[in-house]
Each structure stands twice: as C-alpha cells, then as structure tokens.
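Summary of structural features
For reference, the chains in residue letters:
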Number of protein chains: 2
Amino acid sequence: MVYIGVDLGGTNIAVGLVDEEGKILHKDSVPTLLERGPEPVIKDMAHLSLKVIKDAGYTLDDVKAIGVGVPGLADKTGVVIFCTNLRWHMVPLREIMQSIIDKPVFIDNDATVAGLAESVAGVSKGVANSVFLTLGTGVGGGIVIDHKIYSGSHGVGSELGHMTVQCEGRRCTCGSIGCWEQYSSATALIRQGREAVEKNPDSLIVKMVNGDLDKIEARTVIDAARQGDKVACEVYDKYIYYLAIGIVAIINAFDPEVIALGGGVSKAGDFLLEPLRKKVAEYVFYKDLPYARIEIATLGNDAGIIGAAMLGK
Amino acid sequence: MVYIGVDLGGTNIAVGLVDEEGKILHKDSVPTLLERGPEPVIKDMAHLSLKVIKDAGYTLDDVKAIGVGVPGLADKTGVVIFCTNLRWHMVPLREIMQSIIDKPVFIDNDATVAGLAESVAGVSKGVANSVFLTLGTGVGGGIVIDHKIYSGSHGVGSELGHMTVQCEGRRCTCGSIGCWEQYSSATALIRQGREAVEKNPDSLIVKMVNGDLDKIEARTVIDAARQGDKVACEVYDKYIYYLAIGIVAIINAFDPEVIALGGGVSKAGDFLLEPLRKKVAEYVFYKDLPYARIEIATLGNDAGIIGAAMLGK
C-alpha cells in the first residue's frame, strides 16, 4: 500500500505519495491562497492528492490513507480546532476531504508529523524515543515515544516551545512568561542580533544588511559569528546557551535517544551542533551517564509530507 | 500472588506485603543505620522482608517479586548507580538481596515508584498518563505513560525538578542554573521565607519560630500565610507562581490526565491547590481546551512501599 501525505502551509500545499518505508514516490504543490477560507483550500488538497496519485501511476485502490500536517491543532474526529496563523477555527477538514476522496483521513500538528517522519525515515530512524524541534518562527516540538507520536492525554502536549526557561523574563505571545521560544526560535535570534547591533553599530551584522536592520535574518547573525564578529559571537553564544538549557530540560524529563533539530537555525549544521553539545554536557543532570544524541534532522521540507503520510500507517 | 515493596530511606527501611490491587496487607520498618555501608543495610531489607511475609501469614511461595524504591538511580541489571544522599555508588543491590531471597528484584527511583503507586491505587488510579511530583527537600518527578513507568531511553528521565525555569537564576546543586527545585521545593520555600523575614522582622513567621530563623519550616510560611501575614502571603504567592510555571511546562510537554502532588508542601491541601490551579489556568498554552487535573496525592508515605511492590507486577 501507499499513503498520501499533505503538508499544509500558509504559502503552499505540498502533497506526496509515500511508500511503506517513508520514501516519497512523487510529489507536487500548489499555492494555498489562504484568503479564500478553509473549504476551497481543503478541496485543493484533495484534488492535488488525486493528481499526485495519477501522475505517479497509481490508483486510489493503492492508497491506504491520507495524512495531513497542519500548523495548529486537530482533534480525533478530524476537526482542526485552530491554526492561529491560517486563522482557521473549528474546520471539519476530514469531512471536506472525504467528500472528494473516500479514504481514512488523519490530521496532526506539523512539528509532530515532522518528528514522526524523522523517526520513520530520518535521523531518528530505528530509535524508540525521540524528540524533534523546529527552530523557526517559534519553537515547535514533536515527541515520539515507543515509535509512536505522543501528544498527551488531551492532545495538547508536545508544545515544547512553551516551557518557561526564564520565569521573570519576556512575556510570550501565548500569555505566559519566559517561554523557551522567546529565547531559542529563529525569531528570537534575529531579535537578539538586532538588539545587540543597536548598541554596537560597527558589528559585521550591520555591514551584511547594508545598514538595514529589518533585513537581519537568523543566518545573518550565524554567518557573522562564523566570521568571528565579536558582537555576533556574543549573541550566538548566548543563543546556544538558551537552546542548551531547554534541551537539557527535555533530556532530564523525557530522556530520548535522539533530539533532532530542524527549521531555519538548524541549517547552521556543525556550527550549531558542536557548541550546543558542549553546553548540554555541562548542564545535563546525569553528567556521567549516556543521554540523547543531538543531531540535525535529515529530511528537511520533505518531513512534512512523509510524516503526514505515516499518520495513516 | 503478593508482592514485597521496600522503601529505602536515609532514616528507615520500610517493607510491606502488597496485594495485586496495591493494598498493603502488612508492613514493618527498621532503622537504616547508613553508617554501616550498603551490604548490611541490604541484608536487613531482605531479613525484614522475610519477617513481614511470615508475620502476615504468607510464605515465600506466595511472593512473586520484590521491588525496591531508592533515593537515587538504578540500572536494569539491578545495580544502584548512585544514591547521593546515602553515599552509595555502584551497589549490586539485586545480587545481595537474591543471596538471601531467591526472587526477581526490581529497583527504581523513589519518586518514580510513588508515581506508580498513585497510578495503581491512589489519586491517578485508572488514568493512563500521570505525573507525580514530590515537593520536599528537592522536587522529584515520577512519570507514568500508558499505565507504565516512563524513565526514558537511558533511565535518566523524569528528573522534573531539574528543568530550568530561570536561566539567569540560582545555581543548582546539580551544576545547572535556575532548576525548578531551586524555586519550588520545600527547601526553596523555607529559603524564600527566611530571606523575606530578614528584611521584614515583624512578620508573623518570626513570632512563630520565637525569633530563631533556623526553625522556619515550609509549614511555618504556609501557616503564617493562612493567617494572613502580609510577608508570608507575598512569599507564598511567589512560590505558587514558581510551582505553576513548572506544572504548566509539564502540561505543555506531557499533557497528562493527572498531576499528583506529594511531599511536605502538599500537606497544605486546598490552600495549595486553589491558588495553584488558578495560576496554571492563567499560563497554560491551550487555555480553552481540557488539560490535567492537579490533585494532592492520596497514599502519603505508603506510596513508597506500594509503588516498589508494583514494580514486580
């Protein structure tokens, strides 16, 4: 059997046909065009699924199920409870999909499905317990326990970006205080870089954006640090510390075999991993015992499709 | 069948004979006398087990297994890796026990077995996923996922007291910074109370200990707050905030059905639960969705015996 995986993003809908091992056989994408509201978007997801099946030389009979990764939260009845960035609220996604394709439809959070993908076919392959983290606009978490997605008893777990790491710190958009993503997301790194160069305008960071601080990206700070710019190095070291502190909490609590890093910041590769592993070793509770490997996720953007597809396995 | 549960503490060894439902049929205790070193202590555990079986009117044939809860960490081969407060390091506990009683021996951390006990016969009974927290000298954690103990892939998980909640905060005894137990243990509440009354010597807290600040206990602060003492109320409110922040992290990450509170501070009962539940509701990520019930653990000191016994089930 084969599986359809749908990765619903704010810009594009990506659909792939995926085999039992989590390999993409064929994929395609269309613009999301969010402003139309949920129903036409979901119908496009269904029509693109049919196209991908056909273009790959398969028929609907070969497809066991459809999985959808959404940037939000869904319940077990196939209703998207909300996707804040898409402005979706209580959308009967499964019902609309099934009005076009009569197959089982599974829906889960996008970071969660990416974690599942890495566990089936990526860096966490073969490992029972793993945690996936996206270091992007926020910090997303995907938890796999005993080879299965773990979202908790009410489906509200794995929001690892909203563990407080600084309880007298910054107010988070979620209403809590000092959430980890306020310190360890790509957004946070940009903010930290910007704040630093406002005080130190001779930093290489400023030259790299030709003085336009709005153009600072996470990789601007990382590249400047790589080139040894003092201000950028200080910001990046502090960022690594914040990231390490949260990862240590995950190790001390969940003790997975692998912690896989995805999202924009993870593109720094070894320049991220090496100092991060050192800091984690310094702060982890059981310093003399084995603990999680920290690795860069290997599936990149395909993780969304693959993980969604594997929801139906 | 019945089970032997051994609760190894720094002061006493408590042993109980426990039935399939987690009910204690008979129990007894002897002083630990730590200064003798591990071997005589473990032999006493075995001899007391034999006595408890006999006094309860059972024979060794009725006993399926022996479980031991230790204030530290054990591996799967039955070796206690370390118990910091007992100054035990690499102690072959199972081997010594089995030299006297030839039964399967299981060993786990004391907070973890207490969590299992609450899950089998206490406040978390019947619930698949629960988290137990002891608010005592430190903050200990016991995680039950899908009715089973969860200690992670290397057995170093569930150290929930060592999640950082204040990453520019107090240095912890573990070498990390701003660990939750530095803010939410009974020890932390005592320290917070003491620091506050040093600045405000007219607090009721000072009267309650006749001016001897070394006599401040967690319950001194709690009782003074209960009586409306302003200084004590401020300290206690802040303590509730710290406790709530860590519980919110647990809900956002693990999303259990029940969070059970044990240890000294939990004796405050509703005076703890009511403000705590309010603060958690304020900070939890998904404010409009169901999340964990926060409750006081019900088994008290018996949790150690019951949970240890249930390791063998």
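Residues take numbers from 1 onward in each chain, read along the sequence in its written order. For this description, chains carry letters from A and ligands carry numbers from 1, given in the order in which they are written. Residues qualify for local features only when their pLDDT is at least 70, as the model is predicted, and side-chain atom pairs are given and counted only at 80 or more; totals for whole chains, interfaces and linings, by contrast, use all residues. Derived side-chain values reflect all non-hydrogen atoms in the structure, with water molecules and hydrogen atoms excluded from consideration.

Details of the overall build of chain A
- Strands here mean DSSP runs of E at least two residues long; helices mean DSSP runs of H or I at least four residues long; both are numbered from the N terminus. Across its full length, chain A holds 10 helices and 13 strands.
- Atoms counted for the radius of gyration: C-alpha only. Globule rule: 2.2 Å times residue count to the power 0.38. Relative to its length of 313 residues, chain A is compact, with a C-alpha radius of gyration of 20 Å against a globular reference of 20 Å.
- When its C-alpha atoms are laid out on the principal axes, chain A stretches across 60 × 45 × 35 Å.
- Here the term buried applies to any residue with accessible area under 20% of the maximum for its type, exposed to any over 50%, and partly exposed to those in between, with areas from a 1.4 Å probe on protein chains only. Relative to its 313 residues, chain A shows a buried fraction of 58%.
- Carbon together with sulfur atoms contributes 50% to the accessible area of chain A, which is approximately 12,700 Å² in total. Per-residue accessibility takes into account occlusion by the displayed protein chains alone, with areas from the Shrake-Rupley method and a 1.4 Å probe.

With respect to the relation of the copies chain B and chain A
- Least squares is used to superpose the copies, and the fit set is the C-alpha atoms of residues whose pLDDT is at least 70 in both copies. Between the two copies, chain B and chain A, the superposition gives an RMSD of 0.0 Å; the rotation angle is 180° and the shift along the axis is 0.0 Å. Taken together, the rotation angle and the small translation identify this as a two-fold axis.

Here we look at the environment of Gly141 of chain A
All names here are of chain A.
- Structurally, Gly141 can be placed in strand β10 (residues 139–145).
- Along the primary structure Gly141 and Val113 are separated by 28 residues, whereas in three dimensions their C-alpha atoms are 9.7 Å apart.
- In what follows, residue pairs with any heavy atoms lying within 4.5 Å of each other are defined as contacts. Setting aside residues no more than four positions away along its own chain, Gly141 makes contact with Asn109, Ala111, Thr112, Phe132, Leu133, Ser158 and Leu160.

A closer look at the pairing of strand β8 (residues 105–109) of chain A
All names here are of chain A.
- Judged by how many residues are buried, β8 sits mostly within the fold: four of five residues are covered.
- Of the pairings in the sheet, the one linking strand β4 (residues 63–70) to β8 comprises five bridges and is parallel in character. Among the inter-strand pairings, Gly69 is bridged to a residue of β8, identified as Asp108. Two strands qualify as a pair provided that DSSP identifies no fewer than 2 bridges between them.

Remarks on the confidence of the model for chain A
- Summary of the metric used: pLDDT quantifies the predictor's per-residue confidence within the range 0 to 100. Summarising the model, chain A shows a mean pLDDT of 97, and 100% of its residues fall at 70 or more.
- Among the scores for the predicted complex, ipTM is 0.95 and pTM is 0.95.

A look at helix α5 (residues 186–199) of chain B
All names here are of chain B.
- Its 14 residues give α5 an end-to-end C-alpha distance of 20 Å, which sits within 8% of 20 Å, the value for a rise of 1.5 Å per residue.
- Residues Ala186, Ala188, Leu189, Gln192, Gly193, Ala196 and Val197 constitute the buried set of α5. Angularly, the buried residues of α5 cover 160° about the axis, an arc narrow enough to put them on a single face.
- Contacts from the buried residues of α5 go to β9 (130–135), α4 (181–184), α6 (204–208), α7 (218–226) and α8 (230–254). The span one expects for a helix is its residue count, reduced by one, times 1.5 Å. Throughout, the arc means that of the directions going from the helix axis to the C-beta atoms.

Description of the sheet that holds strand β8 (residues 105–109) of chain B
Residues and elements named next belong to chain B.
- An order of β3-β2-β1-β4-β8 is seen for the five strands of this open sheet, with the pairing classed as mixed. Each of the sheet's edge strands pairs with one partner strand only, and the pair in question is β3 (24–31) and β8. Between one strand and the next, the sheet's axes are offset by a mean angle of 20°, whatever the strand orientation.
- Where helices are involved, their axes are fitted lines through C-alpha atoms of the stretch in contact, as for all axes, and angles between N-to-C directions lie from 0 to 180°. Sitting on the sheet, helix α3 (residues 110–121) touches β4 (63–70) and β8, and the angle it makes with β8 is about 105°.
- Across the face of the sheet, helix α10 (residues 302–310) comes into contact with β1 (2–8), β2 (12–18), β3 and β4 while running at roughly 130° to β1.

Regarding the side chain of Asn129 of chain B
- With respect to the helices and strands, Asn129 of chain B occurs in the loop between α3 and β9.
- The exposure class assigned to Asn129 of chain B is buried, which follows from its relative accessible area of 8%.
- Engagement of the side chain of Asn129 of chain B in a polar contact is seen with the side chain of Ser153 of chain A, the distance being 2.9 Å.
- In contact with Asn129 of chain B, other than residues within four places in its own chain, are Tyr150, Gly152 and Ser153 of chain A together with Val144, Ile145, Asp146, Pro256, Glu257 and Val258 of chain B. Polar contact is the term for a pair of N or O atoms within 3.5 Å; when the atoms are in protein, one must be able to donate a hydrogen and the other to accept it, and sequence-neighboring residues count only if both atoms are side-chain atoms.

Description of the packing of helix α5 (residues 186–199) of chain A against helix α8 (residues 230–254) of chain A
All names here are of chain A.
- Where α5 contacts α8, the two axes come as close as 10 Å, and the packing angle between them is 145°. Here α5 runs over α8; the crossing is right-handed. Where α5 approaches α8, its residues Leu189, Gln192, Gly193, Ala196 and Val197 are matched on the opposing element by Val231, Val235, Tyr239 and Tyr242.
- Three classes are used: nonpolar for Ala, Val, Leu, Ile, Met, Phe, Trp, Tyr, Cys and Pro, charged for Asp, Glu, Lys and Arg, and polar for all others, with Gly counted as polar. Class assignment of the residues belonging to the contact of α5 with α8 gives a composition of seven nonpolar, two polar and no charged. In this scheme the handedness of a crossing depends on how the near helix is turned from the far one: anticlockwise by less than a right angle means left-handed, clockwise means right-handed.

Description of the side chain of Ser176 of chain A
- Considering the arrangement of structural elements, one finds Ser176 of chain A in the loop between β11 (148–149) and α4 (181–184).
- Beyond its immediate sequence surroundings of up to four residues, Ser176 of chain A is in contact with Thr164, Arg170 and Arg171 of chain A together with Ile245 and Tyr283 of chain B.

A word on α5 of chain A
- Inspection of α5 of chain A places Ala186, Ala188, Leu189, Arg191, Gln192, Gly193, Ala196 and Val197 of chain A among the buried residues, and these make up the whole buried set.
- Lining the buried residues of α5 of chain A we find β9 (130–135), α4, α6 (204–208), α7 (218–226) and α8 of chain A.

Remarks on the interface of chain B and chain A
- On the side of chain A, 49 residues touch chain B, which itself brings 49 residues to the contact.
- Across the chain B/chain A interface, buried area totals approximately 4,400 Å², and carbon plus sulfur atoms make up 58% of it.
- We define a salt bridge as a side-chain nitrogen of Lys or Arg found within 4 Å of a carboxyl oxygen belonging to Asp or Glu. Taken together, the connections running from chain B to chain A amount to two salt bridges.
- One salt bridge in this structure joins Glu168 of chain B and Lys238 of chain A, with 2.7 Å as the shortest N-O distance. Accessible area that two parts lose when put together, evaluated with a 1.4 Å probe and summed over both, is termed the buried area.

Description of the nonpolar core
- In this text, buried Ala, Val, Leu, Ile, Met, Phe, Trp, Tyr and Cys residues form a nonpolar core when linked through side-chain atoms within 4.5 Å. The biggest cluster of nonpolar side chains holds 116 residues, and the ones touching the most others in it are Leu133, Ile247 and Leu272 of chain A together with Leu133, Ile247 and Leu272 of chain B.
- Once you skip the residues sitting within four places of it in the chain, Leu272 of chain B turns out to touch Leu135, Tyr236, Tyr239, Ile240, Leu243, Leu261, Val265, Ser266 and Ile296 of chain B.

Side note on the pairing of strand β6 (residues 80–83) of chain A
All names here are of chain A.
- When strand β5 (residues 73–74) meets β6, the two strands line up antiparallel, connected through two bridges. Within β6, the position partnered with Ala74 by the bridge is Val80.
- Between β5 and β6, which pair antiparallel and follow one another directly, the connecting turn spans five residues, one of which, Gly78, has a positive phi of 90°.
- What sits between β6 and strand β7 (residues 88–91) in their antiparallel hairpin is a turn of four residues, with Arg87 showing a positive phi close to 60°.

Quick word on the sheet that holds strand β7 (residues 88–91) of chain B
- Taken together, three strands build an open sheet; the order of strands is β5-β6-β7 (chain B) and the sheet is antiparallel. Looking along the sheet, the strands with just one partner apiece sit at the ends: β5 (73–74) and β7 of chain B.

Here we look at the environment of Trp88 of chain B
All names here are of chain B.
- Within the fold, Trp88 resides in strand β7.
- It is 18 Å that separates the C-alpha atoms of Trp88 and Ala14, two residues lying 74 residues apart in sequence.
- Ignoring sequence-local partners within four residues, the contact set of Trp88 consists of Leu8, Leu34, Pro38, Val41, Ile42, Val80, Ile81, Phe82, Cys83 and Leu93.

Brief notes about the packing of aromatic side chains
- In summary, the pairing rule links any two rings of Phe, Tyr or Trp, Trp by its six-membered ring, whose centres are within 6.5 Å, and it sorts them by plane angle into stacked for under 30 degrees, edge-to-face for over 60 and tilted for everything else. Under the criterion given, the structure shown has 15 aromatic pairs over all chains.
- Aromatic pair Phe285 of chain A and Tyr286 of chain A: ring centres 4.7 Å apart, planes at 80°, arrangement edge-to-face.
- A relative accessible area of 21% means that Phe285 of chain A is categorised as partly exposed.
- Aromatic pair Tyr286 of chain A and Phe82 of chain B: ring centres 5.7 Å apart, planes at 40°, arrangement tilted. Of this pair, Tyr286 of chain A sits in the loop between α9 (270–283) and β13 (293–296) while Phe82 of chain B sits in strand β6 (residues 80–83), which puts the two residues in different chains.
- According to the relative accessible area criterion, Tyr286 of chain A is buried, its value standing at 7%.
- Taken together, Tyr183, Tyr241, Tyr242 and Tyr283 of chain A form an aromatic cluster joined through their ring pairs.

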